[in-house]
Amino acid sequence: QVQLVESGGGLVQAGGSLRLSCVASGIIFSVSNLAWYRQAPGKRRELVAAITSTRSTNYADFVKGRFTISRDNAKKTVDLQMNNLKPEDTATYYCALLRAGDNYWGQGTQVTVAS
């Protein structure tokens, strides 16, 4: 059974930093492609960053230069380091295991950035 469990969300002032972490189980982690998405109230879920099994990364334009995605295959974790946070980064952040069909999703972790 695939499980993705996020942690690390919280309340931070604009300009601050947070590090999100997602631990996976029930998958062959080292060959998996993973991503972080986010969804703000009333908006569609959007891709924030993705990392492949070969550690290639892809970022949404709105986080380039501020966020960094990384993975630790030994710990089966994928992290999202978020720096210089802005109020518009406020959202629920979801870890995702990318598949050709439906992705697997974590339960989400709330990030709130106060101005």
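Our structure is the block above this text.
Quick caveat: nothing in here was measured; it's all calculated off a predicted structure.

Enquirer: Any details on the pairing of strand 4 (residues 34–39)? Residues and values, ideally.
Expert: Most of strand 4 is tucked away: five of the six residues are buried. The antiparallel pairing of strand 4 with strand 5 (residues 46–51) creates a hairpin that spans six residues between the two strands, and G42 there sits at a positive phi of about 80°. The pairing of strand 4 with strand 9 (residues 91–97) spans six bridges and is classified as antiparallel. Looking across to strand 9, one finds that A35 is bridged to A96.

Enquirer: Got a sec to walk through the state of the cysteines? Specific residues and values, please.
Expert: Counting across every chain of the model gives one disulfide. The disulfide partner of C22 is C95, and the S-S distance across this bridge is 2.2 Å. In this structure, the disulfide formed by C22 and C95 twists by about -75° around the S-S bond and is classed as left-handed. On the criterion of sequence distance, the pair formed by C22 in strand 3 (residues 18–25) and C95 in strand 9 is long-range, its members being 73 residues apart. The burial state of C22 is the same as that of C95; both residues are buried.

Enquirer: Quick one: what's the story with the sheet that holds strand 8 (residues 77–82), residue by residue and with numbers?
Expert: Here four strands make up an open sheet; going across it, the order is 1-3-8-7 and the pairing antiparallel. This sheet does not close on itself; its edge strands, each paired only once, are strand 1 (3–7) and strand 7 (67–72). For this sheet, the mean angle separating the axes of adjacent strands, direction not counted, is 15°. Summarising the sheet, strand 7 and strand 8 pair through six bridges and their orientation is antiparallel. Note on strand 8: the bridge partner recorded for S70 is D79.

Enquirer: Report on the nonpolar core, specifying residues and quantitative values.
Expert: Core analysis: the biggest nonpolar cluster contains 29 residues, and W36, L80, M82 and Y93 have the highest contact counts within it. Counting residues per element, the ones that place at least two in this core are strand 3, strand 4, strand 5, strand 7, strand 8, strand 9 and strand 11 (109–114). Every residue in contact with Y93, bar those within four places of it in the chain, is listed here: E6, L20, W36, Y37, R38, V48, F67, L80, M82, G108, T109 and V111.

Analysis parameters
- All residue numbers here refer to positions counted from 1 along the written sequence of the relevant chain.
- Residues qualify for local features only when their pLDDT is at least 70, as the model is predicted, and side-chain atom pairs are given and counted only at 80 or more; totals for whole chains, interfaces and linings, by contrast, use all residues.
- Side-chain descriptors were evaluated using all non-hydrogen atoms of the structure, hydrogens and water having been removed beforehand.
- Working definition: with a 1.4 Å probe on protein chains only, accessible area under 20% of the residue-type maximum means buried, over 50% means exposed, and in between means partly exposed.
- Secondary structure elements are defined from DSSP: runs of H or I of at least 4 residues count as helices, runs of E of at least 2 residues count as strands, and each element is numbered from the N terminus.
- By this definition, two strands are paired if DSSP reports at least two bridges between them.
- Cysteine sulfur atoms that come within 2.5 Å of each other are treated as a disulfide pair.
- Axis definition: a line fit to C-alpha positions, over the contact stretch in the case of helices; interaxial angles, taken between N-to-C directions, run 0 to 180 degrees.
- Put simply, a nonpolar core is a bunch of buried Ala, Val, Leu, Ile, Met, Phe, Trp, Tyr and Cys residues held in one set by side-chain atoms that sit within 4.5 Å of each other.
- Contacts were defined at the residue level, with two residues in contact if any of their heavy atoms lie within 4.5 Å.

Geometric descriptors of this kind do not, in isolation, establish any biological role.
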